[in-house]
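Remarks on the overall topology
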Amino acid sequence: MIAVVGIGPGGREFMTYEAVAAIEAANVVIGYDVYVDLVRPLIGNKDVISTGMTREIERCNKALEMALAGKRVALVCSGDAGIYGMAGLMMEVAAEHPTLEITVCAGVTAATATAARLGAPLTHDFAIISLSDLLTPWEKISKRVSLAAEADLTICLYNPRSKKRRDHLTKAAELMLEHKSPTTPCGYVKNAGRDGETAVLCTLAELAQQDIDMFSTIIIGNSETKVLNGRLITPRGYHT
Ligand code: SAH
C-alpha cells in the first residue's frame, strides 16, 4: 500500500496525527531530499529513497514498484499532498493497478500556514495560483491572475519566484494592478514553519521589489483587506 503524505510546511508541530501515523507505519519513505530531512526524526532506520527536485515521476514509479513488492510506502510531499503535490500523479502512475491501496493524508498547505502567520487574510473567497510555468503555460497563468484580480478575490501565490523566473512576480503584480488598488495590503511568509521563518507586510505596489524567493508564499488582499495592529485581515462581513 501507498500513503501519499502531506507533511505540512515544516516541523512536526505542523503535521497531522494521520501523517505521523502513516510515516510510522511505513517500511519505506520516499520523497524529495529536503522533505525527507524534515521528517527524519520519524523515520528511524526505515528504508529511505530520496531524490532531487523535479524527479516526481521517478519517485512515483519507485513507490509503485515497492508497493507491488509488498512494502508499505509513505510518499512524502510538503504541505498538502494534493495541492501541487504528488497525490494525483501517484494515482495516474498506478492506474493499471486498481486494487493497490493508495491513501492520501491531508496536510497544512502553505497558504493556510502563511495566512495564520500574517493574521487572518483568507476569511473570504480566495484563489491559489502557482506562478511556475514548468508544467503550465504562462498565458494560462497570467489569465488566471488577471481574472482572479478582476473578481476581487484574495490571491495566494505559490512558486512566486525562482532563479530562472525572476520576472513572473513583476508581471503578475502588473496584471493585478489593472484591477486592484496599489495600496492593497499584501503579505508574504518565507520558510513558514521552518528555520529562518520571516513574515512581511507590504502593499501591492511594493510587492515586486520585495526579497521573495521560491520558499515564499504571498497573499494579496481583496478590496476590503486591511492591516489592523500589524496583522493582515480580510473581514468576513460581520458588523462589529
Ligand atoms: N504541496 C505544497 C505546495 C508545493 S508548491 C503545499 O501544499 O504547501 C511549492 C510552493 O509552496 C513554494 O514555491 C512556496 O510558494 C510554497 N511553500 C511550500 N512550503 C512553504 C513554506 N514552508 N513557507 C512558505 N511557502 C511555502
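For the structure itself, look to the data block above.
Residues numbered from 1 in each chain as written. Predicted model: local features only at pLDDT ≥ 70, side-chain atom pairs only at ≥ 80, totals over all residues. Heavy atoms only, no water.

**Describing the site of the ligand**
Around the ligand, the structure places 19 residues, and the nearest of them are Ile83, Thr109, Met214, Ser216 and Thr217. Ala192 is positioned with one of its backbone polar atoms (N or O) 2.8 Å from a nitrogen atom of the ligand. Interatomic distance of 2.7 Å between a backbone N/O atom of Ser216 and an oxygen atom of the ligand. The fraction of the free accessible surface of the ligand (550 Å²) that becomes covered by protein chains is 93%. Class assignment for the residues of the shell around the ligand results in 10 nonpolar, seven polar and two charged. (Near = heavy atom within 4 Å. Polar contact = N/O pair within 3.5 Å; in protein donor to acceptor, adjacent residues only side chain to side chain. Areas by Shrake-Rupley, 256 points an atom, 1.4 Å probe, with all protein chains shown as cover. Nonpolar A, V, L, I, M, F, W, Y, C, P; charged D, E, K, R; others polar.)

**Considering the nonpolar core**
Membership of the largest hydrophobic core comes to 22 residues, with the highest contact counts inside it found for Leu157, Met176, Leu207 and Ile220. Among the elements of the structure, β7 (126-130), α7 (138-150), β8 (154-158), α8 (168-177), β9 (185-190), α9 (204-207) and β11 (216-220) are those that each provide at least two residues to this core. Considering every element that reaches this core, the biggest residue donor is α7, with five residues. Not counting chain neighbours up to four residues away, the residues in contact with Leu157 comprise Ile129, Leu131, Leu169, Met176, Ser216, Thr217, Ile218 and Ile220. (Core = buried A, V, L, I, M, F, W, Y, C linked by side-chain atoms within 4.5 Å. Buried < 20%, exposed > 50% of the residue type's maximum accessible area, 1.4 Å probe, protein only. Helix = DSSP H or I, 4+ residues; strand = E, 2+ residues; numbered from the N terminus. Contact = heavy atoms within 4.5 Å.)

**Observations regarding unusual backbone geometry**
For Asp152, which is not glycine, the phi dihedral falls at a positive 60 degrees. The class of Asp152 is partly exposed, set by a relative accessible area of 30%. If you check the backbone angles, Asn159 has positive phi at about 45 degrees while not being a glycine.

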